[in-house]
Amino acid sequence: GLAVGMGVGQVLLALLATSTVTLAKDALLDVCMDAKHHKTKPGPEGKLHDQCAPWKDNACCTANTTLEAHRDQSNLYNFNWNHCGTMPPKCKRHFIQDTCLYECSPNLGPWIDQADSSWRRERILHVPLCKEDCEEWWEDCKDYLACKENWHTGWNWATGTNRCPWGSMCRPFREVFPQPKDLCEKIWSNSYKYSAERRGSGRCIQMWFDPSKGNPNALVAKFYAWKKRASPAWREKVAPEGSAATRALPSPVLLLLPLALVVLPAGARGCGPHGWGSL
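This report concerns the structure included in the present document. Bear in mind that the values here come from a model prediction, so they are computed numbers and not experimental data.

Moving on to the side chain of N156. Checked against the element boundaries, N156 lands in the loop between β4 (145–146) and β5 (171–172). On the basis of relative accessibility, which here comes to 14%, the residue N156 falls in the buried class. A polar atom in the side chain of N156 sits 3.0 Å from the backbone nitrogen of A158. Those residues in contact with N156, other than ones at most four positions away along the chain, are T161, N162, R163, C164, P165 and W166.

If you want it as C-alpha cells, here you go:
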C-alpha cells in the first residue's frame with residue numbers, strides 16, 4: 001500500500017510540475033509584445049512584404065505593417081530614415097530588417113521588458129544580436145550620416161516627422177558610432193546587446209535568416225528562456241505571484257493537486273531539500 005501510494009503520488013506531482021513548467025515556458029516563448037502594431041498572438045500570415053517574408057509562417061506582424069516598414073516615410077511611427085540626406089539602400093536594408101525583427105518576431109519573449117511610453121506598454125531590452133549582424137549593419141552604414149546616437153528620443157518633431165535637433169550636425173556614422181557595438185547598443189536605447197556569439201551558435205538572435213532553413217531564433221529563445229527561469233532573480237520575481245500562478249493552472253491539474261497530497265504519505269512530504277515541501 002505505501003509503495004503504491006508513493007508511486008501514484010509522485011506521478012501526480014510530476015504531472016503537476018510539468019504543467020506548471022509548461023505555463024511558465026509559455027510566458028517567454030512564442031509571444032508578441034504589447035506594443036503599437038503587434039498582434040496579440042503570433043500566427044501565420046499569407047504574405048509578408050519583401051524583407052519581412054521570413055516570418056510569414058509565425059508572425060507578430062500583419063502584411064500591412066511589413067509594407068509600411070519598407071517605406072522611407074513610414075506611417076508606423078512617422079519616422080523618416082533620410083533625416084541626414086538619402087540613406088543608401090545597402091544601409092537601409094539593415095534598418096528594414098531591424099524593423100521586421102522587432103514587429104514580426106515571436107522569439108523575443110526572454111527580453112521583453114516594461115515600457116512607460118504612450119505608444120507601447122512593452123519593449124525589448126538587451127537582445128543578444130549576432131556578431132555578424134552588428135558588424136554588417138555597421139559596415140554597410142559607416143559612410144552614411146547621422147546627427148545623434150540614440151534614435152529613440154530627442155528628435156525635433158515640429159513638422160510631424162523626425163528631424164535632427166537644433167544645433168546638431170550630420171556626421172559620418174563611423175564618428176557617431178565608432179564600433180559595431182556602439183551602433184547596436186546605443187541606437188535604440190539598449191534594445192540590442194552586441195554578442196560575441198556567431199550565427200548558428202544557438203546563443204544569439206539573427207536579424208534576418210533564410211526561411212527555407214527554418215527560424216534559428218526559436219532555439220535561441222528557448223535557451224535564454226531556460227537560462228532566465230534558472231536565475232535567482234527570475235525565481236524571486238515569480239515567487240510572490242505563486243497564488244496567481246496556481247489560479248492560472250488548468251482545472252484538471254488543480255484537481256490532481258489535493259489528490260496527490262492525499263495519496264502521498266505524510267512521511268514523504270518533507271520540507272527539506274529531498275522532500276516535496278519545496279515544490
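Bringing helix α7 (residues 217–230) into the picture now. Its 14 residues place the ends of α7 20 Å apart at the C-alpha level, agreeing with the 20 Å of an ideal helix rising 1.5 Å per residue. Taken together, the buried positions of α7 are occupied by N217, V220, A221, Y224, A225 and R229. Projected onto a plane normal to the axis of α7, the buried residues spread over an arc of 160 degrees and lie on a single side. Turned more than 90 degrees away from the buried face of α7, the exposed residues are L219, K222 and W226.

Tallied over the full model, the rule gives 8 disulfides. Paired through a disulfide, C32 and C60 show a sulfur-sulfur distance of 2.1 Å. Here C32 and C60 share a disulfide; its torsion about the S-S bond, -90 degrees, makes the bridge left-handed. One end of the pair, C32, is in the loop between α1 (2–26) and α2 (63–69); the other, C60, is in the loop between α1 and α2, with 28 residues separating them in the sequence. For the pair C32 and C60, a shared accessibility class is recorded, and that class is buried.

Applying the stated criterion across every chain, the model contains 11 salt bridges. One salt bridge in this structure joins R199 and E136, with 3.2 Å as the shortest N-O distance. Placement of the pair is R199 in the loop between β6 (192–194) and α7 and E136 in helix α4 (residues 131–141), with a sequence separation of 63 residues. E136 sits in the partly exposed class, given a relative accessible area of 34%.

The phi torsion at H126 lies on the positive side, around 60 degrees, for a residue other than glycine. Among the structural elements, H126 can be located in the loop between β2 (122–124) and β3 (127–129). H126 sits in the partly exposed class, given a relative accessible area of 38%. Backbone geometry places N190, a non-glycine residue, at a positive phi of 65 degrees. Inspection of the secondary structure assignment puts N190 in the loop between α6 (180–186) and β6.

As a rule of thumb, soluble globular proteins bury nonpolar side chains together. In this structure, F95, W137 and W151 are the most contacted members of the largest nonpolar core, which totals 46 residues. Of all elements in the fold, only α3 (89–104), β3, α4, α5 (173–176), α6 and α7 reach the threshold of two or more residues within this core. Ranked by residues supplied to this core, first place goes to α3 with 7 residues. Apart from the residues within four sequence positions on either side, F95 is in contact with W81, M87, W137, C141, W151, F173, I187 and W188.

Let us look at the environment of W226. Tracing the sequence through the fold places W226 in helix α7. Overall, W226 belongs to the exposed group, its relative accessible area being 52%. Spatially, the C-alpha atom of W226 lies 9.3 Å from that of L28, the residues being 198 residues apart in sequence.

This brings us to the packing of aromatic side chains. Summed over all chains, the structure comprises 18 aromatic pairs. Ring centres 5.2 Å apart and planes at 65 degrees place the aromatic pair F79 and W81 in the edge-to-face group. Take F79 and W81: they sit in the same class, and that class is buried. Positioned above the aromatic ring of W155, the side-chain terminus of K148 is 4.9 Å from the ring centre. Directly above the ring of F223 sits R203, whose terminal nitrogen or CZ lies 3.7 Å from the centroid.

Relative to the helices and strands, E185 is located in helix α6. Not counting residues up to four positions away in its chain, the partners in contact with E185 are N190, Y192, K193 and Y194.

Definitions and cut-offs
Residues numbered from 1 in each chain as written. Predicted model: local features only at pLDDT ≥ 70, side-chain atom pairs only at ≥ 80, totals over all residues. Heavy atoms only, no water. Helix = DSSP H or I, 4+ residues; strand = E, 2+ residues; numbered from the N terminus. Buried < 20%, exposed > 50% of the residue type's maximum accessible area, 1.4 Å probe, protein only. Polar contact = N/O pair within 3.5 Å; in protein donor to acceptor, adjacent residues only side chain to side chain. Contact = heavy atoms within 4.5 Å. Expected span 1.5 Å × (residues − 1). Arc of directions from axis to C-beta. Disulfide = S-S within 2.5 Å. Salt bridge = Lys/Arg side-chain N within 4 Å of Asp/Glu carboxyl O. Core = buried A, V, L, I, M, F, W, Y, C linked by side-chain atoms within 4.5 Å. Phe/Tyr/Trp six-rings, centres within 6.5 Å; stacked < 30°, edge-to-face > 60°. Lys NZ or Arg CZ within 6 Å of the ring centre and 35° of its normal.

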